[in-house]
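In case you want the letters, here they are:
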Amino acid sequence: MKVQEFMERVGTTSTGRAIAYLKDAMEDMNIYSETHIEQDNISIVSGQRFYDLPQQMVKMVDIRIKGHNNNQDSYRSIPRLMNEPKIKDSDGV
Amino acid sequence: MASNKSYAYYVKGDKIALVQRNSTDSNATGESYHEFKSPTEAVTNGIEIEYTRAPWFEYDHITSASLSSSSYLNNSSVDGINYLYYTLVGSNVASTYVVNDYVFIKGIGKWSGLHKIKTSAYAGGNTVVVFNTRVHADNLSNIESGTIYYVVTALEDENSDNYLPF
């Protein structure tokens, strides 16, 4: 369905506002349910703790690390810590 | 045989913090044995992030360009403002990157995402594409890994299609 058809159905002539509402709706949809899944890879740098997340990410679904608890270099999900570890590091912030 | 490594993460602001269990460090003893610290070795494409995104753009998953030492991203100053730009050494593909179109970049963390094309030209034997994306640094290192998807359609005007799954 084109944006024009949406605008006709709700009776608006404000294109910018209609597109902004549509984008907001699409973000909300992906917060509550996962309609569009994407996957991205980042290289691990020795000694670097912090890594940037993709700009367009709405909700994180899973983090997998190559070689986590295995010797086959396969990707496995890693746990999320409830608290920050005692050993601090600001690399990458 | 490679030794087992054990990782965990936490989120701080807009970043993910990756930590590795100290038990893989042969010098770790006593209490520090089970503590977490920053990763101790580099792993190419070691982090795989699965996430949801708003479907207000779609891209052709096949038509892409890989970043390398002769096809890289950096920053360029235009009228005193730094923008992200893409250089392809030795080829003219300027017509592929149309001004005001979008590209979608993956695999480079902070710069992954949608970028709008500001200018596109072939000069001095290289194709140079400048994006509208501002870079708040003067000395960005060449980004030589990642993928640029350059066939992208986005929700922009009345004639745009939406990409909802119904």
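Just so it is clear, the model here is predicted, and its values are computed rather than measured.

**What about the overall build of chain B?**
The number of helices and strands found in chain B is 0 helices and 13 strands. In chain B, the succession of α and β elements from N to C terminus is β-β-β-β-β-β-β-β-β-β-β-β-β. Here chain B, with 166 residues, has 48% of them falling under the buried criterion. When contacts within chain B are restricted to residue pairs at least 6 apart in sequence, those whose partners lie at least 24 apart make up 57%.

**Notes on the domain arrangement of chain B**
For chain B, the assigned domains read domain 1 (5-37) and domain 2 (57-154). Look at where the C-alpha atoms of domain 1 of chain B and domain 2 of chain B centre, and you get two points 35 Å apart.

**Quick notes on the pattern of salt bridges**
All chains considered together, the criterion is met by 14 salt bridges over all chains. Salt-bridge contacts for Glu34 of chain A lead to Lys59 of chain A; the nearest nitrogen and oxygen are separated by 3.5 Å. Linking Glu34 of chain A in the loop between α2 (15-32) and β1 (37-44) with Lys59 of chain A in strand β3 (residues 57-66), this pair joins segments that are 25 residues apart in sequence. On the basis of relative accessibility, which here comes to 44%, the residue Glu34 of chain A falls in the partly exposed class. For Lys12 of chain B, the salt bridge is made with Glu84 of chain A, and the minimal N-O distance between the two is 3.7 Å. Linking Lys12 of chain B in strand β1 (residues 7-12) with Glu84 of chain A in the segment after β4 (75-77), this pair reaches from one chain into another. When salt bridges that share partners are traced, they join Glu38 of chain A together with Arg53, Glu58 and Lys106 of chain B into one network.

**Some details on the interface of chain B and chain A**
Listed as interface residues are 67 residues of chain B and, on the opposing side, 64 residues of chain A. Looking at the side of chain B facing chain A, the largest losses of area belong to Glu48, Glu50 and Tyr51 of chain B, adding up to 13% of the total buried there. Counting every contact that joins chain B to chain A gives 8 salt bridges. Where Glu35 of chain B meets Lys86 of chain A, a salt bridge forms, and the shortest distance between an N and an O atom there is 3.5 Å. Run the count over chain B and chain A and you get 48 residue pairs in polar contact (both at pLDDT 80 or more). Taken together, the elements giving at least two residues each to the side of chain B that touches chain A come down to β1, β2 (15-21), β3 (36-37), β4 (43-53), β5 (57-59), β9 (102-106) and β10 (113-123) of chain B. If you tally residues by element for the side of chain B that touches chain A, the top one is β4 of chain B, at 11 residues. Its residues placed into classes, the side of chain B that touches chain A shows 31 nonpolar, 18 polar and 18 charged. Note: β1 of chain A against β4 of chain B, 7 bridges, orientation antiparallel. Its bridge partner being in β4 of chain B, Ile44 of chain A is matched across the sheet by Val43 of chain B.

**A closer look at the confidence of the model for chain B**
When the pLDDT values of chain B are averaged, the result is 87; 87% of them are 70 or greater. In the predicted assembly, ipTM is 0.90 and pTM is 0.84.

**Comments concerning the sheet that holds β4 of chain B**
Strand pairing in a sheet is mediated by backbone hydrogen bonds. Such pairs are either parallel or antiparallel. Pairing in this open sheet of 4 strands is antiparallel, and the strands run β1(A)-β4(B)-β3(A)-β4(A) from one edge to the other. The open sheet terminates on both sides in strands that have one partner only, identified here as β1 and β4 of chain A. If you compare each strand with its neighbour and ignore which way they point, the axes differ by 35° on average. Against the sheet, α2 of chain A makes contact with β3 of chain A together with β4 of chain B, and its axis sits at roughly 45° relative to β3 of chain A, the strand it touches most.

**Examining the pairing of strand β7 (residues 71-78) of chain B**
Residues and elements named next belong to chain B. Most of β7 sits out of view: 6 of its 8 residues are buried. Inspection of the sheet shows β7 paired to strand β8 (residues 81-89) by 8 bridges, in the antiparallel sense. Following the sheet pairing, Ser71 is matched in β8 by Leu88.

**Here's the deal with the pairing of β4 of chain B**
Remember that side chains alternate between the two faces of the sheet whenever the strand is regular. The element β4 of chain B is largely enclosed, with a buried count of 9 among its 11 residues. Inspection of the sheet shows β3 of chain A paired to β4 of chain B by 7 bridges, in the antiparallel sense. Across the sheet, Ile65 of chain A pairs through a bridge with Ile47 of chain B, a residue of β4 of chain B.

So, how was this worked out
Residues numbered from 1 in each chain as written. Chains lettered and ligands numbered in written order. Predicted model: local features only at pLDDT ≥ 70, side-chain atom pairs only at ≥ 80, totals over all residues. Heavy atoms only, no water. Helix = DSSP H or I, 4+ residues; strand = E, 2+ residues; numbered from the N terminus. Buried < 20%, exposed > 50% of the residue type's maximum accessible area, 1.4 Å probe, protein only. Contact = heavy atoms within 4.5 Å. Domains from an automatic or database assignment. Salt bridge = Lys/Arg side-chain N within 4 Å of Asp/Glu carboxyl O. Buried area = accessible area lost by both parts, 1.4 Å probe. Polar contact = N/O pair within 3.5 Å; in protein donor to acceptor, adjacent residues only side chain to side chain. Nonpolar A, V, L, I, M, F, W, Y, C, P; charged D, E, K, R; others polar. Pairing = 2+ DSSP bridges. pLDDT = per-residue confidence, 0-100. Axes fitted to C-alpha atoms, helices over the stretch in contact; angles between N-to-C directions.

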